[in-house]
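# Understanding the architecture of this molecule
Here are the chains, one letter per residue:
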Amino acid sequence: MENYFTENFEVQAKNSSEEALQRWRKLCWLVKNKKRRFRFTANLSKRFEAEAIRRSNQEKLRVAVLVSKAALQFIQGLSLSSDYIVPQDVKEAGFQICAEELGSIVEGHDVKKLKIHDGVEGIAEKLGTTITKGISTSEIDRRQRVYGVNRFTETPPKGFWFFVWEAVQDTTLMILGICAFVSLLVGIVTEGWPKGAHDGLGIVASILLVVFVTATSDYKQSLQFRDLDKEKKKIVMQVTRNGLRQKLSIYDLLPGDIVHLSIGDQVPADGLFMSGYSLLINESSLTGESEPVNVNASNPFLLSGTKVQNGSCKMLVTTVGMRTQWGKLMATLSEGGDDETPLQVKLNGVATVIGKIGLFFAVVTFSVLVQGLFTRKLEEGTQWIWSGDEAVEMLEFFAIAVTIVVVAVPEGLPLAVTLSLAFAMKKMMNDKALVRHLAACETMGSATTICSDKTGTLTTNHMTVVKTCICGEIKEVSGSEKFGSSIPESVRKILLESIFNNTGGDVVVNEAQKVEILGTPTETALLELGLLLGGDFEEERVKSKIVKVEPFNSTKKRMGVVLELPEGGFRAHCKGASEIALAACDKFLNSNGDVVPLDEASTTHLQDTIEKFASEALRTLCLAYSDIGSEFSESGDIPFQGYTCIAIVGIKDPVRPGVKESVAVCRSAGIVVRMVTGDNLTTAKAIARECGILTDDGLAIEGPEFREKSDAELQQLIPNLQVMARSSPMDKHTLVKQLRTTFQEVVAVTGDGTNDAPALHEADIGLAMGIAGTEVAKESADVIILDDNFSTIVTVGKWGRSVYVNIQKFVQFQLTVNVVALVVNFTSACLTGAPVGRKGNFISNVMWRNITGQSLYQFVVIWYLQTQGKEAFRLDGPDSDLILNTLIFNSFVFCQVFNEISSREMEKVNVFDGILKNYVFVAVLSCTAIFQIIIIEFLGTFASTTPLTWQQWFVSIAFGFLGMPIAAILKMVPVGSS
């Protein structure tokens, strides 16, 4: 059986093959309600449609690029005329170009049309926007009316009655509905109204109860998923609007907006490149083409949904929403759904196998009952004469068989997984963790290793420059004038030039007319230092022309920029990891501000300074420059040698409160925490010790050294590895791969940058940072940590384990109910012709022990009552069978009530710990008991029950209660590993 489940119902938590997804679906043919059972599984046909759209886009873009190149060659030197006529409604709105024309230019890469409209500047003018100020908020309504909104068509939310209709489509409920109709018809004809309608109306009431309870549960679940989907789609961009740089949701963007894009951003709408540096765009999400595209003034077309792989730019938004190819693709993709989780698939397998067993028992039961009726009629010689009562009896036999299928098929098992995961996702959302893929909830509970970033995850990400080494002198940074005045003017000038030009940040005036610094925490810290030194960002930027920018990336660990100086010539500025940038320097600025050669003593002094800053847990950066003469080509690389060291800065990034305690919790739970950072080894070790990650017997290593190790050496090294410094994204990827494949660990990895995407994809659970993370990292992740806090990761792990244990508890309870109900209904139907009861490798040894023990006990109770009940309770007279059946039914229900309490803990004997704090659990138990009393005492006519004496009530409850000590004894029986 275990091999059967492994071969047929085994899928991966991430990136399962299409074959595996198709295989288990084909095996689940015995399903009572397909729409409900498979609601939260992937719609593979919609995925095929999305893939077809991607292939179509790829071919369209390939043709468009070829045509645009040919057009570009053809139109050189030609005067072009346009036959484009502006639609009247567009003119009346105050614009000179319509949405369809804009779409055809960008989507078709139409260079000819772009030139006819006077290029990007001409398009901006026709859209009524300016490159420096963007659009005005006063025109938003007009723009939306003409150009639409930046949203794609989504499936409208389903109302409550949709779920009622879906619940009604349960095959067994339909059959029972037919049985109810026939029972009503025959009952009224034979016994009259209202007595003859009691049985039929009882069935109808039961069907309606099941339908409305099911629909209510499903509707609430859909609301939870809808809220989570909204959170997933919250993407904010930097936009210039009303002359101010501000953050806006991508759904608020309109044609004419000026969007600022940087590495890792997703292009939020179709648009045109206005200005920028080294821009590489990855279009694979739209076209499937993995080769990045260079976007610049000669190829200015930017398509919605593509990703910025390198560089930065300003983009003019031209087309939004469903007018873009991405909008059409997303409308299809949104219907494709997430892959089903491993637990969902396994429990679908369990439900299918039990359903087949139940179907077999139902057929046998129906055959036995029919055979008994025919045998009786043969003995009476009336086999050719059938009365209405006998027809009703045949119908009852069929209803009994259907009832056995109803109680046998645990349709709720797969849905219980989804319900539990949805609940956990909602709770995790409250705890600042956004789950993007359902399977991550399960997998996180099995995590054995967490590979965590340092900056922003273990630390606060609120950075400030606290120490500098300028002109060879170490200085504490303070707000006093003394700090700036002690620096020679020539050095101050070159330092400000470096800080304000070689940056990915910006200094702007916000809506409150206050100075605001935008950018990463590192950039913000340096820009604050520049302002502290009395610098003016705008003034410094206009002094020189930026010719080329090489943005910071985690492989080179540096950023570079080339300026064209007002007096002529070019100057390169570099900043980055201290030892890397310092290695490119052969000169430095002395105490007088003069450029002097970097001799051995000066080099040692600067290296000791870096080590000193790092040992104080400071992040160190080196700033340097180089005059590179007048021969520099924009197409060439920025040289990385012959630099002059300007300064070394030490940036303080305090450890987050509670991190040390969270690391200790992980260790006690058997989870190893490793720090993987791009920082200096000494800084990394200092922070790791402060967090409790690096222990006395732990190993700290640098990425370059790790890279050189052979597989055999890695097998010896990795078990003790606790810190990896100066790591590249591929180092992180290699470590994750080794942990997963060689050491069979379940690995969770944090990441925030574009280059972290491979490691996030490779890991069992990818955790992206919500604040510092790029859109590329978030898209590759399974969970987004909204507050970038390591303690939140630990919370996710706790919820993951809780989900797994809760589902085990539910499966234990559900299968006990199903097994007992199936056996009892089968035996009682074959013995008495009337069923009793009601409807109600992941299966571990512990769970199997509990299920079999409880099932056996409950079966013994029911069997005893069926065979010895009349004698034990001295039942005789015409109502003795009805009283006995009521007693059996009541005992069965209270066995389940107390079994629910026993199922609160899988292995612990004390199941009452914290029970009163779980209000939902207490409410469900109370309602079950109250409804049972009402059914027995007041609804006997409809439920075929009769009121019981207090002694009979006591015995029923006692039988249920006795299951608890038996369950406690079973938990003490040792079993093998689960």
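Residues numbered from 1 in each chain as written. Predicted model: local features only at pLDDT ≥ 70, side-chain atom pairs only at ≥ 80, totals over all residues. Heavy atoms only, no water.

Selection rule: UniProt positions are given in the numbering used here, feature names are shortened, and annotations may be inferred rather than shown by experiment.
The name given to the protein in an unreviewed UniProt entry is Calcium-transporting ATPase, with the source organism recorded as Linum tenue. Quoted verbatim from the Function (unreviewed entry) heading of the UniProt record, the comment on the protein is "Catalyzes the hydrolysis of ATP coupled with the transport of calcium."

### Digging into the packing of aromatic side chains
As a reminder of what qualifies: Centres within 6.5 Å are what make two rings of Phe, Tyr or Trp a pair, Trp counting through its six-membered ring; a difference in plane orientation under 30 degrees is then read as stacked, over 60 as edge-to-face, and the rest as tilted. Secondary structure follows DSSP: runs of H or I at least 4 residues long count as helices, runs of E at least 2 residues long count as strands, and numbering of each begins at the N terminus. Exposure is judged per residue with a 1.4 Å probe applied to protein chains only, and the accessible area is read against the type maximum: over 50% gives exposed, under 20% gives buried, and values in between give partly exposed.
Inspection of the entire model under this criterion finds 14 aromatic pairs. Between the aromatic rings of phenylalanine 162 and phenylalanine 163, the centroid separation amounts to 5.4 Å while the plane-to-plane angle is 85°, which identifies the pairing as edge-to-face. An angle of 65° between the planes, with centres 6.5 Å apart, marks the rings of tyrosine 864 and phenylalanine 959 as edge-to-face. With tyrosine 864 in helix 33 (residues 845-872) and phenylalanine 959 in helix 37 (residues 950-971), this pair connects stretches of sequence that are 95 residues apart. For tyrosine 864, a relative accessible area of 34% corresponds to the partly exposed category. Overall, the relative accessible area of 16% leaves phenylalanine 959 in the buried class.

### Things to note about the pattern of salt bridges
Close approach of charged atoms lets side chains of opposite charge pair. Put simply, the rule reads: A side-chain nitrogen of Lys or Arg and a carboxyl oxygen of Asp or Glu constitute a salt bridge if their distance falls within 4 Å.
With the rule as written, the count across this model stands at 29 salt bridges. Among the ionic pairs, aspartate 257 bridges to arginine 241, the shortest N-O distance being 2.5 Å. Within this pair, whereas aspartate 257 is found in the loop between strand 2 (244-249) and strand 3 (258-261), its partner arginine 241 is found in strand 1 (residues 236-241), the two being separated by 16 residues in sequence. Neither residue differs from the other here; aspartate 257 and arginine 241 are each classed as buried.

### Things to note about a negative patch on the surface
As a reminder, the rule being used: Patch membership requires over 30% relative accessible area and the absence of a salt bridge. Like charges are linked within 9 Å, and nonpolar side chains (Val, Leu, Ile, Met, Phe, Trp, Tyr) within 5 Å. Surface exposure here means Shrake-Rupley accessible area, sampled with a 1.4 Å probe, where a residue is shielded only by the protein chains that are shown. Counted as positive: Lys and Arg. Counted as negative: Asp and Glu, with His and the chain ends omitted from the count. Throughout, a charge is located at the NZ atom of Lys, the CZ atom of Arg, the CG atom of Asp or the CD atom of Glu.
On the surface, Glu191, Asp199, Asp389 and Glu396 cluster together into a patch of negative charge. The class of glutamate 396 is partly exposed, set by a relative accessible area of 44%.

### A word on helix 21 (residues 521-532)
Since the α-helix advances by 3.6 residues per turn, residues separated by three or four positions end up pointing in the same direction. Definition in use: In a helix, the anticipated span is given by 1.5 Å times the number of residues less one.
Taking 1.5 Å of rise per residue, twelve residues should cover 16 Å, and helix 21 covers 16 Å from first to last C-alpha, within 8% of that figure. Within helix 21, the full set of buried residues consists of Thr522, Glu523, Thr524, Ala525, Leu526, Leu527, Leu529 and Gly530. Following helix 21 by one or two positions, glycine 534 has its phi on the positive side, about 90°.

### Overview of unusual backbone geometry
With a phi angle near 65°, aspartate 118 is a residue other than glycine that sits in the positive phi range. Along the chain, aspartate 118 falls in the loop between helix 7 (111-116) and helix 8 (119-126).

### Thoughts on the pairing of strand 12 (residues 506-509)
This is how it is decided: DSSP bridges decide pairing: two strands pair if at least two such bridges lie between them.
Sheet topology places strand 12 next to strand 13 (residues 515-518); four bridges connect them, and they run antiparallel. The partner of valine 507 across the bridge, within strand 13, is isoleucine 517. Counting the residues that bridge the hairpin from strand 12 to strand 13 gives five residues, and of these glutamine 513 lies at a positive phi of roughly 60°.

### Some thoughts on the environment of glutamate 611
One can find glutamate 611 in helix 24 (residues 600-615). What makes glutamate 611 partly exposed here is its relative accessible area of 40%. Expressed as a C-alpha distance, the spacing of glutamate 611 and serine 578, which sit 33 residues apart in the sequence, is 9.9 Å.

### Description of the sheet that holds strand 26 (residues 783-785)
Rules: Whenever a helix is involved, its axis is fitted only over the stretch in contact; in every case the axis is a line through C-alpha atoms, and angles between N-to-C directions fall within 0 to 180 degrees. By definition, residues are in contact when any of their heavy atoms lie within 4.5 Å.
The eight strands lie next to each other as 8-26-25-24-9-21-23-22, forming an open sheet whose pairing is mixed. Two strands lie at the open edges of the sheet, namely strand 8 (433-435) and strand 22 (699-702), each paired on one side alone. Each adjacent strand pair in this sheet contributes to an overall mean axis angle of 20°, direction not counted. Relative to strand 24 (residues 747-751), strand 9 (residues 449-452) runs parallel, the two sharing three bridges. When the bridges of strand 24 are listed, threonine 449 appears paired with valine 747. The sheet contacts of helix 29 (residues 729-741) involve strand 9, strand 21 (672-676), strand 23 (721-725) and strand 24, and relative to strand 24 the element is tilted by about 170°.

### Structural notes on the side chain of serine 626
Heads up, the condition is: Distance and chemistry together define a polar contact, namely a pair of N or O atoms within 3.5 Å, with one atom able to donate a hydrogen and the other to accept it when in protein, and with adjacent residues in sequence counting only for side-chain atoms on both sides.
Relative to the elements of secondary structure, serine 626 occurs in strand 19 (residues 618-627). Polar contacts involving the side chain of serine 626 include one to the main-chain carbonyl oxygen of glycine 642, which spans 3.4 Å. Beyond its immediate chain neighbours, meaning those up to four positions away, serine 626 contacts Phe570, Arg571, Ala572, Gln641, Gly642 and Tyr643.

### Description of helix 35 (residues 919-938)
Our working rule: Here, the arc refers to the directions that run from the helix axis to the C-beta atoms.
With 20 residues, helix 35 extends 27 Å from end C-alpha to end C-alpha; this agrees with the ideal 28 Å at 1.5 Å per step. Along helix 35, the positions that sit buried rather than exposed are Phe921, Leu925, Gln932 and Ile936. The buried residues of helix 35 occupy an angular sector of 35° when the element is viewed end-on, so they sit on one face. Along helix 35, the residues that are exposed and aim more than 90 degrees away from the buried face are Tyr919, Val920, Phe931 and Phe938. On its buried face, helix 35 sits against helix 34 (880-902) and helix 37.

### What about the nonpolar core?
As a reminder, the rule being used: In these notes, a set of buried Ala, Val, Leu, Ile, Met, Phe, Trp, Tyr and Cys residues joined through side-chain atoms within 4.5 Å is what counts as a nonpolar core.
Of all hydrophobic cores here, the largest spans 55 residues; its most connected members are Val783 and Phe790. Element by element, the count of residues in this core is highest for helix 32 (residues 790-832), at eight residues. Here phenylalanine 790 is in contact with Ile450, Ser452, Thr457, Leu458, Arg656, Val659, Ser662, Val663, Cys666 and Val673, once residues within four sequence places are set aside. Residues Tyr857, Leu875, Val897 and Val911 belong to the second largest nonpolar core, which totals 29 residues.

### Remarks on the UniProt feature "transmembrane region" (unreviewed entry) in the protein
Mapped onto the present numbering, the UniProt feature "transmembrane region" (unreviewed entry) falls at residues 171-189, 201-219, 353-374, 394-424, 882-899, 919-941 and 953-973. With 100% helix and 0% strand, residues 171-189 has end C-alpha atoms that lie 27 Å from one another. Along residues 353-374, the helical share is 100% and the strand share 0%, with 32 Å between the first and last C-alpha atoms.

### What about a nonpolar patch on the surface?
On the surface, Ile188, Trp193, Leu201, Ile930, Phe931, Ile933, Ile934, Phe938, Leu939 and Phe942 cluster together into a nonpolar patch covering about 990 Å² of accessible area. Looking at which element gives the most residues to the nonpolar patch, the answer is helix 35, with five residues.

### A closer look at the environment of isoleucine 140
Tracing the chain through its elements places isoleucine 140 in helix 9 (residues 140-147). Sequence separation between isoleucine 140 and aspartate 252 is 112 residues; the distance between their C-alpha atoms is 9.4 Å. Those residues within four positions of isoleucine 140 in sequence are excluded, and the remaining contacts are Arg241 and Leu254.

### A word on empty space enclosed by the protein
Quick reminder of the rule: Lining residues are those with an atom within 4 Å of a point, where the points come from a 1 Å grid over the protein atoms alone and group into cavities, where a 1.4 Å probe fits but cannot get out, or pockets, open sets with protein on both sides within 12 Å along at least five of seven lines. Grid points are joined across faces, edges and corners, and a volume is the space filled by probe spheres set on the points. Only Asp, Glu, Lys and Arg are considered charged, only Ala, Val, Leu, Ile, Met, Phe, Trp, Tyr, Cys and Pro nonpolar, and every remaining residue, Gly among them, polar.
Roughly 60 Å³ of internal volume is contained in the largest cavity. Lining the largest cavity, in full, are Glu550, Arg558, Met559, Gly560, Cys574, Ile638, Pro639, Phe640 and Tyr643. The biggest single contributor to the lining of the largest cavity is strand 15 (residues 558-564), with three residues. Residue composition of the lining of the largest cavity, by class: six nonpolar, one polar and two charged.

### Brief notes about the pairing of strand 7 (residues 307-319)
Judged from the four bridges that link them, strand 3 and strand 7 form a sheet pairing that is antiparallel. Note that in strand 7 the partner of valine 259 across the bridge is methionine 315. Alignment of strand 4 (residues 270-282) against strand 7, held across ten bridges, turns out to be antiparallel. Opposite phenylalanine 273, over in strand 7, you have methionine 315 as the bridge partner.

### Observations concerning the packing of helix 34 against helix 37
We apply this condition: Crossings are assigned a handedness: left-handed for a near helix turned anticlockwise from the far helix by less than a right angle, right-handed for a clockwise turn.
At their nearest, the axes of helix 34 and helix 37 sit 8 Å apart, and the two run at 35° to each other. Between helix 34 and helix 37 lies a crossing whose hand is right-handed. Judged by residue contacts, Ile883, Leu887, Asn890, Ser891, Phe894, Cys895, Phe898, Ile901 and Ser902 of helix 34 engage Gln952, Trp953, Ser956, Ile957, Phe959, Gly960, Phe961, Met964, Ala967 and Lys971 from helix 37. Among the residues making up the contact of helix 34 with helix 37, the classes are represented as twelve nonpolar, six polar and one charged.

### Focus: the state of the cysteines
For the record, the criterion: Throughout, a disulfide means two cysteine sulfur atoms within 2.5 Å of one another.
Evaluation of the coordinates by the stated rule reveals zero disulfides. With no disulfide partner, cysteine 585 has as its closest neighbouring cysteine sulfur the one in cysteine 622, 4.8 Å distant. Between cysteine 622, a cysteine without a disulfide, and cysteine 645, which holds the nearest cysteine sulfur, the sulfur-to-sulfur distance is 3.9 Å.

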